[in-house]
Amino acid sequence: MTRADLHPMISRSAFRLMAAGALVAATLALGGCGVRLDMHVQPKYTPLRESNFFSDHRSARPLVEGTVARGQLEADTYLYTGMINGKPGTDFPFPVTEQVMERGRERFNVYCAPCHGRTGDGNGIVVQRGFKAPPSYHIDRLRNAPVGHFYDVISNGFGAMADYSSQIPVKDRWAIIAYIRALQFSQDAKASDLPPGTKISSNPPNVNLPGSEPHDITPDGITPTNVAGGNVAK
Amino acid sequence: MWGCMRAVGQWMASYMAQIFHRSANTIAKASIIAAILLIGGLLWAGLELQRSPYYTYAGVARSQPVPFSHLHHVSGVGLDCRYCHTSVETSGFAGIPPTKTCMNCHSQIWTNAPMLAPVRESYRTGKSLIWTRVDNLPDFVYFDHSIHINKGIGCNTCHGPVDKMPLTYAYASMQMEWCLNCHRDPGKYLRPHRVKEDPKDPHTMDDQVFNMTYQQPTAEHPVVLPDGQSFTSQDALGAYLVKVKHVRSVRDITSCSTCHR
């Protein structure tokens, strides 16, 4: 179509003007409506994205049975089980430092306090809403229980309490146990007529467990002393 | 611009003076202005529309297979975000809790509620609950939670008052201009992880990034760090945190390849 077809009286500049107008309109229409999304939704798996290939639609695959993922060969069995020859161990697999204790306190307040309460008295808010009440940490049986027992409870659950193995990494579980020990000591040592809040708001006592020298601290705050669980096997 | 219009007018006049009345000149000029305004208006409306909730879903509560309420679980039960979003500190992806996490409590609480039937069904059959995404960046954008959390950006800076949401909605548009607004001056939003503990306020015992009631320092409410340093303005606190947290330069974090890699 040329200018002359439209109207003999329309000049070249007017035709240009109209053509430019049409171009703007077309760009608007393309940009505004006919959007292509190839780059927005790329054919790749992002976390939890659905897969059409597997029958359960999960793109994140569970481990094939009988295999071990790289870096997850749990050679340090005490660190990972808390058991020695099938019996709960009594020592920590790494030194308990100030940082470990601080980390344990934070993780305890996130994962355990909802039921066990911040002081470990077993009267957390979820219990007040109807969950079975756990025993207080300050009964003799639990005060004397070996740390390996606590590790077992966190990792495998206990009665009505579910396990926390998928929510809490291994080293954090030990840090939590260190903090529970501190709670038990502090409740034991201090006069019981203090209001509960004041007992834990101050820094917990630094429990000096066997083998706790000053130590390099990795960013997550915890360094296992040795891969074979040495200070346990003594 | 005006020169161009005068030229068009003169051109029209030279051809059509005999056919059209004089006022046609004015009408012609007016209609050109109107056309320009219309195009401009359309462009503006388009830009506003793609910023609006209609397009970004900001502020729009999404329907979910189970009416999960952050209001009840966070403000009511007092759960920390990390109880459910376990990987938010260590990975790019915050993590959506698996059904088992719900069953930690709902094995005993509200066990017969019809509302929770899909959760029990999912637990029994092992089939995942499919939650509707609330915040979703296009795949060509790289985002990572862990660095934002570790440098001290609070959850509610980006996600808004999640603890007050009966159904989750996106708080911000999560568009590029929104990300850049902070990357150009992150000091405006940084928080310390730890503050000096105050037995009267239990929130001071926790990590402030997860504290949904955190307030930026003012003269009346200074923010006091564990070592006793006290800040009365966000400017001072932000500048201090940028330094001790080694926040990278604005030039680094506004470069295109930070988010498009």
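Residues numbered from 1 in each chain as written. Chains lettered and ligands numbered in written order. Predicted model: local features only at pLDDT ≥ 70, side-chain atom pairs only at ≥ 80, totals over all residues. Heavy atoms only, no water.

1. Quick word on the overall build of chain A
Rules: Only DSSP runs of H or I covering at least 4 residues are called helices, and only runs of E covering at least 2 are called strands; the numbering of each starts at the N terminus. Burial classes follow relative accessibility: with a 1.4 Å probe on protein chains only, a residue under 20% of its type's maximum area counts as buried, one over 50% as exposed, and anything between as partly exposed. Pairs of residues are marked as contacts when any of their non-hydrogen atoms sit within 4.5 Å. The Shrake-Rupley method, run with a 1.4 Å probe, gives the accessible areas here. Residue values count only the displayed protein chains as cover.
Per the secondary structure count, chain A includes 11 helices and 2 strands. Residues classed as buried in chain A amount to 37% of the 234 residues present. Taking the intrachain contacts of chain A between residues at least 6 apart in sequence as the baseline, contacts between residues at least 24 apart amount to 55%. Summing over all exposed atoms, chain A offers an accessible surface of approximately 13,900 Å²; the carbon and sulfur share of this is 59%.

2. As for a nonpolar patch on the surface
Residues and elements named next belong to chain B. Put simply, the rule reads: Within the patch definition used here, like charges are joined within 9 Å and nonpolar side chains (Val, Leu, Ile, Met, Phe, Trp, Tyr) within 5 Å, considering only residues with over 30% relative accessible area and no salt bridge. The working definition used for a salt bridge is a side-chain nitrogen of Lys or Arg within 4 Å of a carboxyl oxygen of Asp or Glu.
Together, Leu-49, Tyr-54 and Tyr-55 make up an exposed nonpolar region whose accessible area comes to about 400 Å². Mapped onto the secondary structure, Tyr-54 falls in helix α3 (residues 53-56). Since its relative accessible area comes to 69%, Tyr-54 is described here as exposed.

3. Remarks on the pattern of salt bridges
Summed over all chains, the structure comprises 17 salt bridges over all chains. For Glu-106 of chain A, the salt bridge identified is with Arg-194 of chain B, shortest N-O distance 2.3 Å. Of this pair, Glu-106 of chain A sits in helix α4 (residues 98-111) while Arg-194 of chain B is found in the loop between α10 (176-183) and β1 (223-224), placing the two residues in two different chains. For Glu-106 of chain A, a relative accessible area of 16% corresponds to the buried category. When salt bridges with common partners are traced through the structure, they connect Glu-102, Arg-105, Glu-106 and Arg-107 of chain A together with Asp-80, Arg-82, Glu-89, Arg-194 and Glu-197 of chain B into a single cluster.

4. Considerations on the packing of aromatic side chains
Inclusion rule: A pair of aromatic rings is counted whenever rings of Phe, Tyr or Trp (Trp by its six-membered ring) have centres within 6.5 Å, and the orientation is called stacked for planes under 30 degrees apart, edge-to-face for over 60 and tilted otherwise. Both a distance and an angle decide whether a charge sits over a ring: NZ of Lys or CZ of Arg must be within 6 Å of the ring centre and within 35 degrees of the ring normal.
Under the criterion given, the structure shown has 11 aromatic pairs over all chains. Arranged with centres 6.1 Å apart and planes meeting at 55°, the rings of Phe-108 of chain A and Tyr-137 of chain A form a pair that is tilted. Placement of Phe-108 of chain A in helix α4 and of Tyr-137 of chain A in the loop between α6 (125-128) and α7 (140-144) is noted, with a sequence separation of 29 residues between them. The class for Tyr-137 of chain A is buried, based on a relative accessible area of 7%. Aromatic side chains Tyr-151 of chain A and Trp-174 of chain A sit 4.7 Å apart centroid to centroid with 20° between the ring planes, which places their arrangement in the stacked category. In this pair, Tyr-151 of chain A sits in helix α8 (residues 147-156) while Trp-174 of chain A sits in helix α9 (residues 170-189), placing the two residues 23 residues apart along the sequence. Neither Tyr-151 of chain A nor Trp-174 of chain A differs from the other in exposure class; each is buried. Put simply, the rings of Tyr-78, Phe-92, Tyr-151 and Trp-174 of chain A pair up and form one aromatic cluster. Directly above the ring of Tyr-142 of chain B sits Arg-261 of chain B, whose terminal nitrogen or CZ lies 3.8 Å from the centroid.

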